[in-house]
There are 2 protein chains.
Amino acid sequence: MTESATAPRTAEELRAAILERYDTFSKRLQQIARFVLDHPDDLALETLAVVAERSGVQPSAIVRFAKALGYSGAMPMQRLLRDGLLANHTALGYGERVRQFNAALDSQAGTGDDGELLAEFVDRDTLALENLRQTMTKAELARAVKLIDQAQTLYIMGFRRAFPVASYLAYSFQQVGKRTVFVDGVGGLTRQQIGAIGESDLLIAVSYHPYAEETVHAVEGAVSAGAKVLTITDSLVSPMAKMAAQVLQVRESEVRGFRSLAASLCLAQTLVISLAFERERAGARTAPRTRRRRS
Amino acid sequence: MTESATAPRTAEELRAAILERYDTFSKRLQQIARFVLDHPDDLALETLAVVAERSGVQPSAIVRFAKALGYSGAMPMQRLLRDGLLANHTALGYGERVRQFNAALDSQAGTGDDGELLAEFVDRDTLALENLRQTMTKAELARAVKLIDQAQTLYIMGFRRAFPVASYLAYSFQQVGKRTVFVDGVGGLTRQQIGAIGESDLLIAVSYHPYAEETVHAVEGAVSAGAKVLTITDSLVSPMAKMAAQVLQVRESEVRGFRSLAASLCLAQTLVISLAFERERAGARTAPRTRRRRS
DNA sequence: GATAGAATGGAACGTATATTCCACGTTCTA
DNA sequence: TAGAACGTGGAATATACGTTCCATTCTATC
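Residues take numbers from 1 onward in each chain, read along the sequence in its written order. The order in which chains are written sets their letters, starting at A; the order in which ligands are written sets their numbers, starting at 1. Whole-chain, interface and lining totals are the exception, using all residues; otherwise, since this is a predicted model, local features are given only for residues with pLDDT of at least 70 and side-chain atom pairs are given and counted only at 80 or more. Calculation of side-chain values draws on the structure's entire complement of heavy atoms; hydrogens and water are dropped beforehand.

> Residue-level account of the nonpolar core, with values.
Grouped burial of nonpolar side chains is what soluble globular proteins tend to show. Nonpolar cores were defined as sets of buried Ala, Val, Leu, Ile, Met, Phe, Trp, Tyr and Cys residues, with membership established by side-chain atoms within 4.5 Å. Each residue is assigned to one of three classes by its accessible area relative to the maximum for its type, calculated with a 1.4 Å probe on protein chains only: buried under 20%, partly exposed between the two thresholds, exposed over 50%. Grouped together as the largest cluster of nonpolar side chains are 87 residues, with contacts concentrated most on Leu169, Phe173 and Ile204 of chain A together with Leu169, Phe173 and Ile204 of chain B. When checking whether two residues touch, look at their non-hydrogen atoms; a contact exists if any pair is within 4.5 Å. Those residues within four positions of Phe173 of chain A in sequence are excluded, and the remaining contacts are Ile148, Leu154, Ile156, Lys178, Thr180, Ile204, Leu271, Val272 and Leu275 of chain A. Leu69 and Met77 of chain A together with Ile32 and Tyr71 of chain B belong to the second-largest nonpolar core, a separate cluster that totals 59 residues.

> Could you give me a rundown of the packing of helix α4 (residues 48–55) of chain B against helix α5 (residues 59–68) of chain B, with the residues and numbers involved?
Residue and element names in this part refer to chain B. Interaxial angle, 0 to 180 degrees, is taken between N-to-C directions of lines fitted to C-alpha atoms, where a helix line uses only the stretch in contact. Elements are defined by DSSP. Helices are runs of H or I of four residues or more, strands are runs of E of two residues or more, and each kind is numbered from the N terminus. Interaxial distance between α4 and α5 falls to 8 Å at its minimum, and their mutual angle equals 100°. By the angle between their directions, the pair α4 and α5 is classed as roughly perpendicular. Residue-level inspection shows Leu48, Val51 and Ala52 of α4 in contact with α5, the latter providing Pro59, Ile62 and Val63. For the contact of α4 with α5, a count of residues per class yields six nonpolar, no polar and no charged. In this scheme, roughly parallel covers angles under 35 degrees and roughly antiparallel covers those over 145, while 65 to 115 is roughly perpendicular and the rest are oblique. Residue polarity follows a fixed list, in which Ala, Val, Leu, Ile, Met, Phe, Trp, Tyr, Cys and Pro are nonpolar, Asp, Glu, Lys and Arg are charged, and the others, Gly among them, are polar.

> Any chance you could break down the sheet that holds strand β3 (residues 202–207) of chain A for me, citing the residues and the numbers?
Residue and element names in this part refer to chain A. Should DSSP find at least two bridges between two strands, the strands are taken to pair. Pairing in this open sheet of five strands is parallel, and the strands run β2-β1-β3-β4-β5 from one edge to the other. Whereas interior strands pair on both sides, the edge strands pair on one side only; in this sheet they are β2 (180–183) and β5 (246–249). Each strand of the sheet is rotated relative to its neighbour by a mean of 15°, with strand direction disregarded. Judged from the four bridges that link them, strand β1 (residues 154–157) and β3 form a sheet pairing that is parallel. Across the sheet, residue Leu154 finds its bridge partner in β3, namely Leu202. Strand contacts of helix α9 (residues 138–150): β1, β3, β4 (228–233) and β5, with the helix running at about 130° to β5, the strand carrying the most contacts. Where helix α12 (residues 213–224) meets the sheet, its contacts fall on β1, β3 and β4, and the angle it forms with β3 comes to roughly 160°.

> Can you lay out the protein's contact with DNA strand D for me, pointing to particular residues and giving the numbers?
Around DNA strand D sit 18 residues in total, of which Leu48 and Lys67 of chain A together with Ser26, Arg28 and Gln58 of chain B are the nearest. In this text, near means that some heavy atom of the residue lies within 4 Å of the molecule or strand in question. The contact atoms of DNA strand D, taken as those within 4 Å of the protein, divide so that sugar and phosphate hold 72%. Between DNA strand D and the protein, one listed contact pairs a phosphate oxygen with a backbone N or O atom of Met75 of chain A at 3.4 Å. Counting only elements with at least two residues in the surface near DNA strand D, the list comes to α4 (48–55), α5 (59–68) and α6 (74–89) of chain A together with α2 (27–38) and α5 of chain B. In terms of residue count, α5 of chain A provides more of the surface near DNA strand D than any other element does, four residues in total. When its residues are assigned to classes, the surface near DNA strand D shows six nonpolar, seven polar and five charged. By the criterion applied in these results, polar contacts are pairs of N or O atoms within 3.5 Å in which, for protein atoms, one can donate a hydrogen and the other can accept it, and in which residues neighboring in sequence qualify only through two side-chain atoms.

See the structure below:
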């Protein structure tokens, strides 16, 4: 049973192989071939018995069909179509491909080649970024920027793994002239730092699982003080999500408990510069005297 | 087991039901809930055993989860997600669906070009990552990891724009059990924080143009104290470069004056995990009994 | 029209899977 | 600090599935 001899390795190859060898098939095999070409999703997702019933043949005939194409059974062919379906589907959401990367990493875990490691992290971060682009909608971003723009003072908070993101946000927002308080928790002064937050302020809370207690408490405090909350987090069921006026979900890929921050920082940068542009536009509207044309 | 009582009938209903009842779930059930929300395709396509292994729980726990939602078992829930996946997929052709997705993004543009901004940053960061992969050699990385591994205590420093990178490094190295001192400069105690650095220690200095004075001085101090220095910087002619035992050059993309940190953080993560692997290998050699399941 | 060869349907089989069950551990409560 | 209720992991079990096998039917050739 040399499966590798002629067995197609991708969904497209399978399709081509069926078309090519269609004439050489027996009547029943041709019937199955037509069904596979017409309803590939059925064969991919449903059980063999269901496919058999739907296509009006016996399960054993489907196995014969798969073997005629060089597979060891019907299951390898199903898996092929299933993976193809998933690949096409996740052209929108790249999370699945990230998973495949992780599996690939696991398989070659023993080698531990540093250079390969870098290449794999580059790939993985690239996927995370692409996923961010696909899943973050303009509406979400616009609402977040509006919240930031309308806030009198910005309070920014994020501990542990979220700390780099928070510190980047704090630094950058200060750079573009937004009044910003960075709640860094130094000296155990978290409560004091955030104590002055008021109704016209916004707390940007960055937190990933497992969510730092301080951040959760700070969000609660901010909400009860009447302030709005914008959270950047990794799950819609995070403790902060339901209290927040706006949630920006970032799905970083994870390798052995080490999650990246590439997507989060890209998002952070986008927020900062979007705010800068927003203010520029607003400034141009309120002060139409601005003349760039100079004689 | 009246399944029809509360059991969601569509994938969307299921998602909503999980979000709604998330708080009432036990710890393990919440873990499963997060996985289902984050990787619905996995649960839809893979077998229970595979899903269990991927999400780090027992198959029986998944069955319990499904029953908690009102199903008679895990299989009905799987079928639900599977059908939803198929419906989404077969509703339109693949390409059409992608186009529709993008069109949806465009239509809800709202205020302005925030979405384009995000896309632009994603592109730039992707390029920066690709550049990192091509320019960073294995030898450089290996030398850097060796320096880190041999250091008795790690001092990590980076101010202003480099601060997020430094804080990420400090946090992550501590996570993998490396003795680490994070020189954060709180209270103007930079000199005191780094004062104890000795000959067998390593200072990791992260700095970009314009190079923060404190960091430059700290590097000088570390060198004169006999310590090694590893710098992550944007130029080989940066003030720190000639004093460092090893320089890792990172060229970040720049968009309208704002530089990203994606490549730096990817490199940082690579360093951390390379060290973890290195130690694991060494540990395996000296103590082959070491069994490690999860990190 | 007879016969050899291939193809087919359906039952039987072994396996992999979902599910159940129970002893153990954990977490509240009195 | 007990005790009880709940939650959990993993073995045991039942089920459903893919696959194989073989008697029967169909097709092609002489």
